[in-house]
Amino acid sequence: MRRMTTLLFVLLACAIPAAAQEVVRPVSQIPLLSMTDGAHDDIESLLQVYFQAHFNTQAEYAFGRQNLRVGRFDLNGDGKAELVLMVDAPGWHANQGDPFVVAQWVNKRWVGIGWGWGDEDTIFATTEIQAGWRSIDTGTQVLRWTGKEYAFSDKE
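Quick caveat, the model's predicted, so the values are computed rather than measured.

Asker: Any chance you could break down the sheet that holds strand β7 (residues 124–130) for me, citing the residues and the numbers?
Answerer: As a general point, the strands of a sheet are linked pairwise by backbone hydrogen bonds and lie either parallel or antiparallel. Pairing in this open sheet of 5 strands is antiparallel, and the strands run β1-β7-β8-β9-β10 from one edge to the other. In this open sheet, the two edge strands, each paired with only one partner strand, are β1 (26–29) and β10 (150–154). When the angles between neighbouring strand axes are averaged without regard to direction, this sheet yields 30°. Where strand β9 (residues 141–145) meets β10, 5 bridges bridge the pair, whose relative direction is antiparallel. Residue Leu143 lies in a different strand from β10, and its bridge partner there is Phe152.

Asker: Requested: an account of the pairing of β7, with residues and values cited.
Answerer: Where β1 lies against β7, 3 bridges are found, and the strand directions are antiparallel. The residue bridging Ser28 from the neighbouring strand is Ala125, located in β7. Where β7 meets strand β8 (residues 133–137), 4 bridges bridge the pair, whose relative direction is antiparallel. Paired with Gln130 across the bridge in β8 is Trp133. Here β7 folds back onto β8, and the loop between the two strands holds 2 residues, one of which, Ala131, carries a positive phi near 55°.

Asker: How would you summarise the sheet that holds strand β3 (residues 68–73) if you had to cite specific residues and measurements?
Answerer: The strand order across the open sheet built from 5 strands is β2-β3-β4-β5-β6, with neighbouring strands paired in antiparallel fashion. Sheet topology places β2 (33–34) and β6 (109–118) at the edges, where each strand pairs with a single neighbour. Relative to β6, strand β5 (residues 98–106) runs antiparallel, the two sharing 9 bridges. Bridge assignment links Trp105 to a residue of β6, and that residue is Trp110.

Procedures and definitions
- Counting of residues starts from 1 at the beginning of each chain's written sequence and follows it residue by residue.
- Where totals are concerned, whole chains, interfaces and linings use all residues; where local detail is concerned, this predicted model gives features only for residues with pLDDT of at least 70, and gives and counts side-chain atom pairs only at 80 or more.
- In computing side-chain properties, one takes all heavy atoms of the structure into account and sets aside hydrogens as well as water.
- Strand pairing follows a simple DSSP-based rule, namely that at least 2 bridges must link the two strands.
- Helix and strand definitions here come from DSSP, where helices need a minimum of 4 consecutive H or I residues and strands a minimum of 2 consecutive E residues; each element is numbered from the N-terminal end.
- Fitted lines through C-alpha atoms give the axes, limited to the stretch in contact for helices. The angle between two N-to-C directions lies from 0 to 180 degrees.

Set out below in C-alpha cells:
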C-alpha cells in the first residue's frame, strides 16, 4: 500500500507541471504574400489609419505597396476571412520581427483588431480558441483574443 501511495504522489507531481504548461499548436500558416497589382482601396484605407505618416510618403521610414505582405484567414469561424497586413520595409524590423495589423471587415471597411510582430513565414493560426477566436502564434509572440481585440504576449 505504501508503494502505491508513493507511486501516486510521484505521478501527480509529474502531471502538475505538464498541466500548467501552455502548449499552443499551429493549425495553419497564414500565408503573407506581396500585394497583387490593381486597386486595393480597402487595404489602403486601413494603411491610412495605422501608417498615414509613412505609407507612400517621403518620411524617414516611408514604405510603399512593395513593402507590404498580406494574408487572409478566418480566425473566428464565421466564414469571412480576417486580414493580416505586415510591413516588411527597411527600418521597421525589430527583434520580434516586422509589425503587422490584424483587421476584421466591418461596415464595408477593414477595422484593426490587434497587432503584433513576426516574420512573413512564422504567422500561424493555432488550436487555441478563446471566446470563439483562434490565437495567433508569430514565433516570438502569441496573440490571444480578449473579447474585443487581440493582445500579444511575448513567448519565452
